[in-house]
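# Examination of the molecular architecture
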Amino acid sequence: MAQLPTEVPRCPINVAARRSGLSAHVIRAWERRYSAIVPDRTSKSRRLYSDWEVRRLVLLRQAVELGHRIGEIARLPMEELRALVGRDTVPGVEASPRIPLPRARLVEVTLDAVRALDGAGFAQSLLQATRTLTVPDLFDDLVSVLAAEISSQVRAKTLRVAHERFASAYLRSYLGDLLASSGAAPWSSSIVVSTPPGELQELGAMMAAVTASRTGWDVIYAGPAMPIAELAFIVQQRAANAVLLSSAAGADSSAIESALTALRSALGPSPAIFHSGVSLALSGASVVSQPASMREFSQQLNELRRR
């Protein structure tokens, strides 16, 4: 039976990426990890995509932006994807997604969704921010500010612990999806990301992992509270070029300093070690870079890769 015109594979991956709003890295990752699509190949093994497959990629992107995990929706039929995207779109937000709100207003809108325990509204606020801010700006000007404001209001008892847990759960899912949808070339420099032993707050580490990935690094995200000996094993096993430990505000600075010193002792003079979070007065022997923001971290990663 002859193929319909929309089923004829004719778009190379760079065209499919431009038309779908996804990067070529993400398209390859979704194909490889989740079998979201199965493109045809040319005689030279180059991918070719049909119009139907491009439309599928668009729907998958929209569903992920609305808060769904790609691993759970990758193989849904087209009809179910269309229904999912149509059902979860919040009127008034999706209508003008590329008109940026002032950043202070984005924080207010997102905080309002947290107060209302409104998951769909929270996801849509993050979606709008994702579409209008670069990744470092998104983390420095929205996510970090939002997390700090929620913590402040919990201490002041104008928000409850339930609100903080609600926001953290959604942010972990959101950052996890951003990380899963990122990709790096096989020849990229690599970085291992975790938090110090005993530190279970991982939002900062996840933001650093996404920032590194979007800067073009191959990221090995080790999860929170990885023991130093095991972290050093991962770094050495993967021959990583850098490692980052992220600590939360209020963390025990002496314990973090001990962890960083132990990590440097285990790894020797290289690779590069980064620390983000609470400010530390580290000795020169530790040779640890402490970026003050995700913007600065991104810049430092670019400089490190050029050496």
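Residues numbered from 1 in each chain as written. Predicted model: local features only at pLDDT ≥ 70, side-chain atom pairs only at ≥ 80, totals over all residues. Heavy atoms only, no water.

## Comments concerning the overall build of the protein
What counts, and what does not: Helix and strand definitions here come from DSSP, where helices need a minimum of 4 consecutive H or I residues and strands a minimum of 2 consecutive E residues; each element is numbered from the N-terminal end. Throughout, exposure labels follow a simple rule: accessible area from a 1.4 Å probe, protein chains only, divided by the maximum for the residue type, with under 20% read as buried, over 50% as exposed, and the rest as partly exposed. Each accessible area is a Shrake-Rupley estimate made with a 1.4 Å probe; only the visible protein chains count as cover when residues are assessed.
Each helix and strand in the protein was counted, giving 13 helices and 8 strands. In the protein, which comprises 307 residues, the proportion classed as buried is 49%. Split by element, the accessible area of the protein, about 15100 Å² in all, is 53% carbon and sulfur.

## Some remarks on the nonpolar core
Put simply, the rule is: Nonpolar core, defined: a set of buried Ala, Val, Leu, Ile, Met, Phe, Trp, Tyr and Cys residues in which side-chain atoms within 4.5 Å join the residues together. Note on contacts: a residue pair qualifies if any of its non-hydrogen atoms lie within 4.5 Å across the two residues.
Of all hydrophobic cores here, the largest spans 43 residues; its most connected members are Phe122, Leu138, Phe139, Ile150, Leu175, Ile191 and Phe297. Contributions of two or more residues to this core are made by helix H6 (103-115), helix H7 (119-132), helix H8 (135-155), helix H9 (161-180), strand S4 (190-194), helix H10 (203-214), strand S6 (242-246) and helix H13 (294-306). Every residue in contact with phenylalanine 139, bar those within four places of it in the chain, is listed here: Ser144, Leu175, Leu178, Met207, Val210, Thr211 and Met294. Leu22, Leu60, Ile70 and Ile73 belong to the second-largest nonpolar core, a separate cluster that totals 26 residues.

## Here's the deal with helix H12 (residues 253-267)
For clarity, the threshold we go by: Multiplying 1.5 Å by the residue count of a helix minus one yields the expected span of that helix. The arc in question is the one spanned by the directions pointing from the helix axis to the C-beta atoms.
If you check H12, its first and last C-alpha atoms are 21 Å apart, about what 15 residues at 1.5 Å a residue would give, namely 21 Å. Listed as buried for H12 are Ile256, Ala259, Leu260, Leu263, Arg264 and Leu267. Viewed end-on, H12 has its buried residues packed into an arc of 130°, placing them on one side of the element. Contacts from the buried residues of H12 go to helix H11 (228-237), S6, strand S7 (272-276) and strand S8 (288-289). Of the residues trailing H12, glycine 268 is marked for its positive phi of about 85°.

## A look at the side chain of threonine 110
Its location among the elements puts threonine 110 in helix H6. Excluding residues that lie within four positions of it along the chain, threonine 110 makes contacts with Phe122, Ser125, Leu142 and Leu146.

## Structural notes on the confidence of the model for the protein
Going by this rule: Confidence of the predictor at the level of single residues is given by pLDDT, which spans 0 to 100.
Here the protein averages 84 in pLDDT, while 88% of its residues score no lower than 70. Mean pLDDT values for the elements of the protein range from 78 in H7 up to 96 in H11. Below pLDDT 50 for its whole length, residues 1-5 participates in 3 contacts with residues either more than four positions away or in separate chains. Here residues 89-99 scores under 50 on pLDDT; set against residues more than four positions off or in separate chains, the count is 17 contacts.

## Details of unusual backbone geometry
Of note, the bond from serine 270 into proline 271 is cis; its omega dihedral lies within 30 degrees of zero at 10°. Of note, proline 271 is situated in the loop between H12 and S7. Residue leucine 117 is not a glycine yet carries a positive backbone phi of 50°. With respect to the secondary-structure elements, leucine 117 resides in the loop between H6 and H7. Unusually for a residue other than glycine, alanine 225 sits at a positive phi of about 55°.

## Examining the sheet that holds strand S5 (residues 218-221)
Strand pairing in a sheet relies on backbone hydrogen bonds. The paired strands run either parallel or antiparallel. Short version of the rule: Strands are treated as partners if at least two bridges between them are detected by DSSP.
In spatial order, the strands read S5-S4-S6-S7-S8; together these 5 strands make up an open sheet with parallel pairing. Each edge of the open sheet is held by one strand with a lone partner, namely S5 and S8. Two strands pair when backbone bridges link them, and S4 and S6 are joined in this way by 4 bridges, in the parallel orientation. Residue pairing across strands places valine 192 opposite valine 243, the latter belonging to S6.

## As for the sheet that holds strand S3 (residues 47-49)
With antiparallel pairing, the 3 strands of this open sheet are ordered in space as S1-S3-S2. If you trace the sheet from one side to the other, it starts and ends with strand S1 (11-12) and strand S2 (40-41), each paired once. Two elements, S2 and S3, share 2 bridges in a ladder whose sense is antiparallel. Counted as the bridge partner of aspartate 40 is leucine 48 from S3.

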